[in-house]
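Secondary and tertiary structure notes
One letter stands for each residue in the lines below.
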Amino acid sequence: MLQEFKLKDNIVLRNRIVVTPMTTWSSNDDLTVSNEELEYYAARSKGVGMVITGCTFFQKNGQGFENEFYAGTDEYIPSLKKLADAIKSNGAKAILQIFHAGRMAIPGKGTLVSASAIKPSHGAMGMGTDVEEPKAMTEEEIQDFIQGFYETTRRAIQAGFDGIEIHGANTFLIQQFYSGDSNRRTDQWGGTRENRIRLPLQIIDAANRAKNEFADKDFIIGYRFSPEEIEEKGITLDDTLYFVDRLANESIDYLNPSINYYKQTSKRDSDDKRIIGKLLIEKIAGRKPLIGVGKISTKEDAQDALQNVGYDIIALGQAIIMNPDWVYKVQNNLPIEQTVDLNDYKSIKIPEGLMNVIKLVPGWFTVK
């Protein structure tokens, strides 16, 4: 895990360990990146090969979290540059994750939109099912959204990021277009799986247009996806295997599944004991690197994910929040912290906003 990894022709990560994208709820009130966030990212970029930021948004009605840093106009490039510099200063590659929350967006930030005018069956952002019905996006709005990815990728390049990640997971807008549960359209953007993958494929094209115009060939483009939905008409493993087979032939540089456990099995079929990661690896067949994530805490977990499941790279989430120096600890056989100290979290550069959420969500972290 600590050996160099060749992500693409001219891009070598110093090891196979990355920081998974995690929201911090910690921007300044004007949605610029705060000093707390800069310290948080800098502390966690010292040993890893690559850091994927928490998601940023570029349309006001796409904001999914309070105090989420913004990338929607060129005025925010200096803010983004501070973040890229903080990560890169410690030798890690800096990847900006970009998204739109769609029907899962914070209420009151603009017109709630989605692929179709259908409420989420399980509510949005802990609000229960008492949520507003979204408006189905028009053709013009879809084209503006695709162009927005082009412009935000350009801003990422100008801010000095090494790449971007397209966030097509976690029931947000791009996933809402691929899901048969949230997408009931009858035009070119809905119906068949071929039509429902049209939006993510065009977003990949838009990001590559910006790359070709403003960056060199070393600029990284990744894609994150969720393998399943529990709704009857939602995304199935078969849908995802079809999708990743297509993605593996696209101009992207890695695939990042959003799963809770690196050895996760099907959520839809409890009798299906196949490890999703292994199914994805088999379908991708070496065409793109696949990141393993979810409950990777110790050196042994990381080795198991790489050697026994077969992921190319492993991503740390909770473990690196609690252990900013995780790589150093593994290198020196030091114990990995499994709790967050409510009285000493500032010493490990956890922002106040993130800590407030940790305190509010029972069982998310073990605290002391």
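In what follows, the structure referred to is the one given above.
Residues numbered from 1 in each chain as written. Predicted model: local features only at pLDDT ≥ 70, side-chain atom pairs only at ≥ 80, totals over all residues. Heavy atoms only, no water.

**Regarding the overall build of the protein**
From N to C terminus, the protein includes 12 helices and 13 strands. Since a compact globule built from 368 residues should have a radius of gyration of about 21 Å, the 19 Å found for the protein is in line with a globular shape. The C-alpha extent of the protein, read off along each of the three principal axes, is 55 × 45 × 45 Å. Within the protein, the proportion of its 368 residues that are buried is 59%. Across the protein, contacts joining residues at least 24 apart in sequence account for 70% of those joining residues at least 6 apart. With 44 positive and 51 negative side-chain charges, the protein shows a separation of 3 Å between the mean positions of the two kinds. (Helix = DSSP H or I, 4+ residues; strand = E, 2+ residues; numbered from the N terminus. Rg over C-alpha atoms; globule rule 2.2 N^0.38 Å. Buried < 20%, exposed > 50% of the residue type's maximum accessible area, 1.4 Å probe, protein only. Contact = heavy atoms within 4.5 Å. Lys, Arg positive; Asp, Glu negative; His and termini not counted. Charge placed at Lys NZ, Arg CZ, Asp CG, Glu CD.)

**Thoughts on unusual backbone geometry**
With phi around 50°, Ala 285 is a residue other than glycine that occupies positive phi space. For Lys 349, which is not glycine, the phi dihedral falls at a positive 60°. In this fold, Lys 349 is placed in the loop between helix H11 (326–331) and helix H12 (352–360). Taking the relative accessible area as the measure of exposure, Lys 349 reaches 36% and is therefore partly exposed.

**A word on the nonpolar core**
Grouped burial of nonpolar side chains is what soluble globular proteins tend to show. Core analysis: the biggest nonpolar cluster contains 108 residues, and Leu 7, Phe 145, Phe 161, Ile 164, Ile 166, Tyr 223 and Trp 326 have the highest contact counts within it. Of the residues forming this core, the biggest block, eight residues, is contributed by helix H3 (residues 139–159). Apart from residues lying up to four places away in sequence, Trp 326 is in contact with Met 1, Ile 17, Ser 297, Thr 298, Lys 299, Ala 302, Leu 316, Ala 319, Ile 320 and Ile 336. (Core = buried A, V, L, I, M, F, W, Y, C linked by side-chain atoms within 4.5 Å.)

**Some thoughts on the pairing of strand S11 (residues 254–257)**
Side-chain alternation along S11 places Tyr 254 and Asn 256 on one buried face and Leu 255 and Pro 257 on a second face that is also buried. Across four bridges, the pairing between strand S10 (residues 220–225) and S11 is parallel. Within S11, the position partnered with Gly 222 by the bridge is Tyr 254. Traced from S10 through helix H7 (residues 237–247) to S11, the parallel crossover comes out right-handed. (Pairing = 2+ DSSP bridges. Right-handed = clockwise from strand over helix to strand, strands pointing away.)

**Digging into the pattern of salt bridges**
All told, the structure shown has 18 salt bridges when counted by the stated rule. Salt-bridge contacts for Arg 184 lead to Asp 181; the nearest nitrogen and oxygen are separated by 3.6 Å. Here Asp 187 makes a salt bridge to Arg 185, at a shortest N to O gap of 2.8 Å. Linked through salt bridges whose partners overlap, the residues forming this network are Asp 74, Glu 151, Arg 154 and Arg 155. (Salt bridge = Lys/Arg side-chain N within 4 Å of Asp/Glu carboxyl O.)

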